[in-house]
Amino acid sequence: MELEMLKNDLQRIRLGDEAKHCIVQTVLGREGIREPEKPRHVLWLATAASLLAILVVGVSLLFLLPGLRDRFGLAAGPADFFADRYFALIELDGSAYVHQGNGTLHRLDGTGPLREIGRLKTGQLLSDGQDLFYAQGRRAYQVAPDLTGRTRLLREAETIELDDVTSAFVLYHFGNHDRYTLFDRQTGEKRPLFPDTEAKRYTFQDGFGDVAVFVHAAADNEERLVAVRLSDGQETELAAGPIRGRAVISDGNVYFTRTGEPVDRTYDRARELWFVGFDGTGLSQLDLSGIPYDSIRAIAASGRELVIAADENVLSHQGKIYRYDPKDGTFVLLQDRVGLIDRLFATEHYYSFYDLGIGDVAGKAFVGPVRD
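Residues numbered from 1 in each chain as written. Predicted model: local features only at pLDDT ≥ 70, side-chain atom pairs only at ≥ 80, totals over all residues. Heavy atoms only, no water.

**Student:** Even after reading the chapter, I still don't get the overall build of the protein, so can you show me in this structure?
**Tutor:** When you go through the protein residue by residue, the secondary structure sums to 4 helices and 27 strands. When the 372 residues of the protein are sorted by exposure, 43% land in the buried category. Long-range contacts, defined here as pairs at least 24 residues apart, represent 34% of the contacts in the protein between residues at least 6 apart. Accessible surface, the protein as shown: approximately 20000 Å² in total, 50% of it carbon and sulfur. (Helix = DSSP H or I, 4+ residues; strand = E, 2+ residues; numbered from the N terminus. Buried < 20%, exposed > 50% of the residue type's maximum accessible area, 1.4 Å probe, protein only. Contact = heavy atoms within 4.5 Å. Areas by Shrake-Rupley, 256 points an atom, 1.4 Å probe, with all protein chains shown as cover.)

Following this line, the structure appears as structure tokens:
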């Protein structure tokens, strides 16, 4: 430990000058510090004070330094709501539940401040409209929104990740989108959603009720957007061709982005926004000429509307976030001058995103109402 670093740390602790001096003596050794010889009883008191001061410093630093605090599993102080990514945004009874990147769960009511509820050691969080669901390793759990009454829902021999939760089923997979499995919440039975030879070719996109939407990559690498009915496994092709970004469900339709023209293989821009019905009919492109954009970074569903993160300059990642009504083609600006959007979520009344920042500008997260 360097002397200057030690002195800087000591400045943060409320101790007397004598105690701080004793700490420096104890750490560096007395031979390196010239001072008059003191009586033996004074030295004994100084040694005791040194040990006590070191104990105080150690405990204090344990609470002050986030890395040590996390390592020992201690509760954090006031959260910095503009530092970590958000892993999930869930709306229940008019309140937004935000699962932050450091594992803390917060609740937002209207426009008031975020209120911390507790911690969940998981990188995902889902809901059936009443409770919260998450996976930890080989197990999946159900818990109330206030994190009480946790029950184990299912257990597997391998690590799992949850994809969708309904009142009837829990959809999950193993490894890298392998073996999509349905867990019947009434009977406890499990069954594969796809044949083993095809399961790895599917990637879950979004779910609503009894319908789950996947991107299916064929053996020739051609992609298809498909809707699968969970109750019986019936599959319906919605669109063919590469899907850019995540497909989302809104108001009975599936929305997704395509590359469009001209094709830019360097940056793989998404220039077109399309929608199609669950039954594969009504495939149409939406008119986005009402806003200036170079690429569609991300989309999320908010009731019957969409939240769109649009890059105005894909090279510098400068853009805006809009609320878009597909019925009448109107746009409402939600965020101006955003950078590189890493995560975008939306519910009926709230939205959140994480901006990775540009250049020396640090990343930040935001959550708030999607409508005034």
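**Student:** Help me understand the nonpolar core, please; the structure alone is not making it clear to me.
**Tutor:** One recurring pattern in soluble globular proteins is that nonpolar side chains are buried together. Counting residues in each nonpolar core, the largest one holds 15 residues, and the members touching the most others are Leu273, Ile296, Ile299, Leu306, Ile308 and Tyr324. Of all the secondary-structure elements, those providing two or more residues to this core are β21 (295–302), β22 (305–313) and β23 (318–325). Setting aside chain neighbours within four positions, we find Ile308 in contact with Leu273, Leu288, Ile296, Ala298, Ile299, Lys320, Ile321, Tyr322 and Tyr324. (Core = buried A, V, L, I, M, F, W, Y, C linked by side-chain atoms within 4.5 Å.)

**Student:** What am I meant to see in the pattern of salt bridges here?
**Tutor:** Between side chains of opposite charge, a pair can form as their charged atoms come close. The final tally for this structure, using the stated rule, is 17 salt bridges. The residue Glu237 makes a salt bridge to Arg224 at a minimum N-O spacing of 3.2 Å. Here Glu237 is found in strand β16 (residues 235–240), whereas its partner Arg224 is found in strand β15 (residues 223–229), with 13 residues between them in sequence. (Salt bridge = Lys/Arg side-chain N within 4 Å of Asp/Glu carboxyl O.)

**Student:** Would you mind going over the environment of Arg185 with me for this structure?
**Tutor:** In this fold, Arg185 is placed in the loop between β11 (178–184) and β12 (190–192). For Arg185, a relative accessible area of 22% corresponds to the partly exposed category. Here Arg185 is in contact with Asp128, Phe133, Gln142, Val165, Thr166, Ser167, Ala168, Phe169 and Val170, once residues within four sequence places are set aside.

**Student:** Could you clarify how one ought to interpret the sheet that holds β16 in this entry?
**Tutor:** The pairing of strands in a sheet comes from backbone hydrogen bonds and takes either a parallel or an antiparallel form. Judged by pairing direction, the sheet is antiparallel, and its 4 strands sit side by side in the order β13-β14-β15-β16 without closing on themselves. Taken across any chain shown, the strands that pair with only one partner, and hence form the sheet edges, are β13 (202–208) and β16. Across the sheet, the mean angle from the axis of one strand to that of its neighbour is 25°, orientation sign disregarded. (Pairing = 2+ DSSP bridges. Axes fitted to C-alpha atoms, helices over the stretch in contact; angles between N-to-C directions.)

**Student:** Help me understand the pairing of strand β9 (residues 160–165) in this model?
**Tutor:** Each regular strand shows side chains that alternate between the opposite faces of the sheet. Taken across its 6 residues, β9 has 5 buried, putting it largely inside the fold. Here 5 bridges tie β9 to strand β10 (residues 169–174), and the two strands are oriented antiparallel to one another. Across the sheet, residue Glu161 finds its bridge partner in β10, namely His173. From the end of β9 to the start of β10, which pair antiparallel, there are 3 residues.

**Student:** Explanation requested: the environment of Val338 in the structure shown.
**Tutor:** Here Val338 is to be found in strand β24 (residues 330–338). The exposure class of Val338 is buried, given its relative accessible area of 5%. With 16 residues separating them in the primary sequence, Val338 and Tyr354 have C-alpha atoms 9.5 Å apart. Excluding residues within four positions of it along the chain, Val338 makes contact with His317, Gln318, Gly319, Lys320, Ile321, Phe353 and Asp355.

**Student:** What am I meant to see in the sheet that holds strand β6 (residues 132–136) here?
**Tutor:** Pairing in this open sheet of 4 strands is antiparallel, and the strands run β5-β6-β7-β8 from one edge to the other. Only two strands of the sheet have a single neighbouring strand rather than two, namely β5 (126–127) and β8 (151–155). As paired strands, β6 and strand β7 (residues 139–143) are joined by 5 bridges and run antiparallel to one another. Along β7, the bridge assignment pairs Ala135 with Ala140.

**Student:** Looking at this model, I keep getting lost on the packing of aromatic side chains. Mind explaining?
**Tutor:** The description of two aromatic rings rests on the distance between their centres and on the angle between their planes. Enumeration over the complete set of coordinates arrives at 14 aromatic pairs. Taking 5.4 Å as the distance between ring centres and 50° as the angle between the ring planes, the aromatic pair formed by Tyr351 and Phe366 counts as tilted. Note that Tyr351 is positioned in strand β26 (residues 350–355) and Phe366 in strand β27 (residues 364–369), a separation of 15 residues in sequence. Of the residues examined, Tyr351 reaches a relative accessible area of 2% and is grouped as buried. Looking at Phe366, the relative accessible area reads 24%, which means it is partly exposed. Just above the ring of Tyr141 sits the side chain of Arg150; from NZ or CZ to the centre is 4.1 Å. Taking the ring centre of Phe174 as reference, the NZ or CZ of Arg179 above it sits at 4.2 Å. (Phe/Tyr/Trp six-rings, centres within 6.5 Å; stacked < 30°, edge-to-face > 60°. Lys NZ or Arg CZ within 6 Å of the ring centre and 35° of its normal.)

**Student:** When you look at the pairing of β26 in this model, what are you seeing that I'm missing?
**Tutor:** When you tally the buried positions in β26, you get 6 out of 6 residues, the bulk of the element. Residues Tyr350, Ser352 and Tyr354 of β26 are buried on one face, and the alternating residues Tyr351, Phe353 and Asp355, pointing to the opposite face, are buried as well. The loop that links strand β25 (residues 341–346) with its antiparallel partner β26 comprises 3 residues.

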